[in-house]
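# Summary of structural features
Each chain is listed here by its residues.
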Amino acid sequence: AFGFAIAPGKTLIDFTPYSVTRHEISLFNTEQQALTLSLEAVGDLAPYIYLSQQQVTLAPDTSLTVPYTLHLPVGFPQTGSVTGMIIAHRAPASSFIPSNNNVRLGAVAGVGSLIQVNVPHHGRTLLATLAIPPVGPYQPVEFIAQAQNVGDETLGDVRMDVAIYDLDEQLLAKVSSEERSLHINER
């Protein structure tokens, strides 16, 4: 076993579209020898986590703080929570050694810091989607545009307007839906 740890164990963040937040993890080496750790982001948040370092070396009985940033997108497809983890691990030298057609396997010790982004829908919140299936060239294009009330209040006077442009960004047509109210979770 390796004597290393990571803190905090869990970081909670409330979702804000396009936000960039800075955080840090602390790594602790409790061994009596230097320790090199690899850092990686995993999970649904991995594409949004930017580590300042991917590999660190800690002297015996020391700790090190590693900053990272979280660049959140405009939204996530689900509500509730989206999670990711920063894992620090060190593979033993014998973790993969091919020899005479034999393979030796060993354990990879690792510790992780969980990152959880809470994605709420409060108040007046509308989720709009546009689905366009693939079609061949010069074929009619069918699409469906939907608006769903994902908040916790009724929305009045909701209308969808879709503008259709060609490749030269010339307006070809505009399509509008009827105007109506949407109750909670109504589409």
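Structure first, text after, so check above.
## A look at unusual backbone geometry
With an omega of 0°, the peptide bond running from Ala 7 to Pro 8 counts as cis. Mapping Pro 8 onto the fold places it in the loop between β1 (4–7) and β2 (10–14). Positive phi outside glycine occurs at Asn 185, with the angle close to 65°. Mapped onto the secondary structure, Asn 185 falls in the segment after β17 (180–182). For Asn 185, a relative accessible area of 55% gives the class exposed.

## Re the sheet that holds β1
Spatial strand order, β1-β3-β7-β5: four strands in an open sheet with antiparallel pairing. The strands lining the two open edges of the sheet, one partner per strand, are β1 and β5 (49–51). Each adjacent strand pair in this sheet contributes to an overall mean axis angle of 25°, direction not counted. The sheet contact formed by β1 and strand β3 (residues 20–29) spans four bridges and is antiparallel.

Criteria and thresholds
Residues numbered from 1 in each chain as written. Predicted model: local features only at pLDDT ≥ 70, side-chain atom pairs only at ≥ 80, totals over all residues. Heavy atoms only, no water. Helix = DSSP H or I, 4+ residues; strand = E, 2+ residues; numbered from the N terminus. Buried < 20%, exposed > 50% of the residue type's maximum accessible area, 1.4 Å probe, protein only. Pairing = 2+ DSSP bridges. Axes fitted to C-alpha atoms, helices over the stretch in contact; angles between N-to-C directions.

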